[in-house]
Every structure is written in C-alpha cells, then in structure tokens.
Amino acid sequence: SADYSPLSGTVVILTGSSTATITVVPVDDGIPESNETVIASLSIDAAYIIGAPASDTVSIIDVTSFAIDVTPTTGLITSEAGATDTFTVVLTAQPTADVTIGISSDDTSEGMVVPDVLTFTSSNWNSAQTVTVVGQDDVLVDGDIAYNIITAAAVSVDSNYTGMASNDVSVSNRDDETLTTVSIVAIDSIASESGLGEGYGRFEITRTGGTTPITVNYSLSGTATVGVDYQT
C-alpha cells in the first residue's frame, strides 16, 4: 500500500501460550487524504476457537504538509570564467493543479539561471528539479561579488500552493581579472642644459598585471616650461 508497510507477513506460528506482533509502519506518501484504517482479522483451522475480538483496527493519521523545498540555499559558487553551480526545488505534497515557480537572478551581470521557470504537476511533484546558476564575466577588477537567486511566489489554482513563498539562494561569483597597476619612475632623474654628462631626463611608465590594452594619460608640470626649458 502507499499508506503503510507491514513489517511481517500474513501468517504467524504460535506455539503454546504465546504472542505474535504484526507491525504496521505508516508511509508519508505526500498525498493529502482523509485519515485511514488498517483492520487485522483472524482466520484459523476449524479445530481451534477464535476468541474475542476476532479483529481490530489501527488508524493512520494523515500529516501531509504543503511546502516548497529548496536545497541548498547557501554556499553556491560561480565564476566569471563560466563556472556553474546548482540547487534543486521540489514540492512536499501532491498538488491538485500545476504549480509554477519563477526563478531569477538579482544581479544578471554576475549570474544567470537555467531554467527560469519550474512547473510541477500532480505526476512530477516529488521529483526534484535542478536549477543551474551560470557565472557571468565582466572586465572589472571587482573581487568576488555576492548575489542572490530569487524564487518567486508559486502560481497555481491549488489553494494550498498559490502565493506560497520559498527560500532564495545565495551565490558568490569569483572574479577572474588580474589586478592591473600602472606606475611612473624617473629612471634618469637629472638632465643638463649642456647635453653633456647627465644627458636627457627620462621617465618610465610600467604596467603590471592584466592583458587587455589600456590607455594611460600623463601630464608634465613643474617650474620648467615645456618648449622653453625642455622638449619632449
């Protein structure tokens, strides 16, 4: 049965004055239903007497609860290099009509979801559906960025589920840019008007990290006047 699982068979052997136990273990089938009964009745060889009572009843109480289970809700990691992570969504009880749940990212520049809509029916309600979170790239040296995957309120004509909220999922998107620095140093810090000895003054601009071409602007100032006291 979908409602209980007997832990013994339908025959017991009694020797002398003795007792045997038939154990009935309820099964949580996730289907909302009325409380039900299991009736045990005796039948024996005609040479023996069945005493009273010859049957008795165990009641199975329905404890079905309606909820949307999202697992896990924390600890997901994606990366700007395209690394993905996943979580699952499943219903805890059978609906009487389709239940749809929208899935979205609160920062699509850091992560996107596939699929963006989940549909649960009376047939697949207890099969967990997987959502994949895909990290998105940018050209910023911005470090690891936290964002969230939002699970929208359920939409259904089943009053047990319509409007039901569920947990959002927190994700971290790992940065893949290398920190780029630019510096300037006077490698010949003394210049002479005679052009002798110290010769020209020179500055060297150095970049470290990164591969994307960048434009570096510079300016010259000081007490010397360009075009009068020096040329570049």
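Before reading further, recall that the structure is shown in the block above.
This report concerns the structure included in the present document.

The rules behind each value
Residues numbered from 1 in each chain as written. Predicted model: local features only at pLDDT ≥ 70, side-chain atom pairs only at ≥ 80, totals over all residues. Heavy atoms only, no water. Helix = DSSP H or I, 4+ residues; strand = E, 2+ residues; numbered from the N terminus. Contact = heavy atoms within 4.5 Å. Core = buried A, V, L, I, M, F, W, Y, C linked by side-chain atoms within 4.5 Å. Buried < 20%, exposed > 50% of the residue type's maximum accessible area, 1.4 Å probe, protein only. Pairing = 2+ DSSP bridges. Axes fitted to C-alpha atoms, helices over the stretch in contact; angles between N-to-C directions.

### Topic: the side chain of Thr 78
Here Thr 78 is to be found in strand β6 (residues 76-79). For Thr 78, the residues in contact, after removing those within four places along its chain, are Ala 83, Thr 84, Asp 85, Glu 110, Val 133, Val 134, Gly 135, Tyr 147, Val 171, Ser 172, Asn 173 and Arg 174.

### Considerations on the nonpolar core
Formed by 23 residues in total, the largest nonpolar core has its most connected members in Ile 68, Phe 87, Val 89, Ile 101, Ile 103, Val 133 and Ile 149. Apart from the residues lying within four places of it in its own chain, the contact partners of Ile 103 are Phe 87, Val 113, Pro 115, Asp 116, Leu 118, Val 131, Ile 149, Ile 150 and Thr 151.

### Points about unusual backbone geometry
Cis geometry marks the peptide bond from Thr 71 to Pro 72, where omega comes out at -15°. Assignment of secondary structure puts Pro 72 in the loop between β5 (68-71) and β6. For the peptide bond that leads from Val 114 to Pro 115, omega is -5°, which places it in the cis range. By the secondary structure assignment, Pro 115 is in the loop between β9 (111-114) and β10 (117-120).

### Details of the sheet that holds β6
Pairing is mixed in the open sheet, where five strands are placed in the order β6-β13-β12-β8-β10. The strands lining the two open edges of the sheet, one partner per strand, are β6 and β10. Averaged over neighbouring strand pairs, the angle between their axes works out to 25° when direction is ignored.

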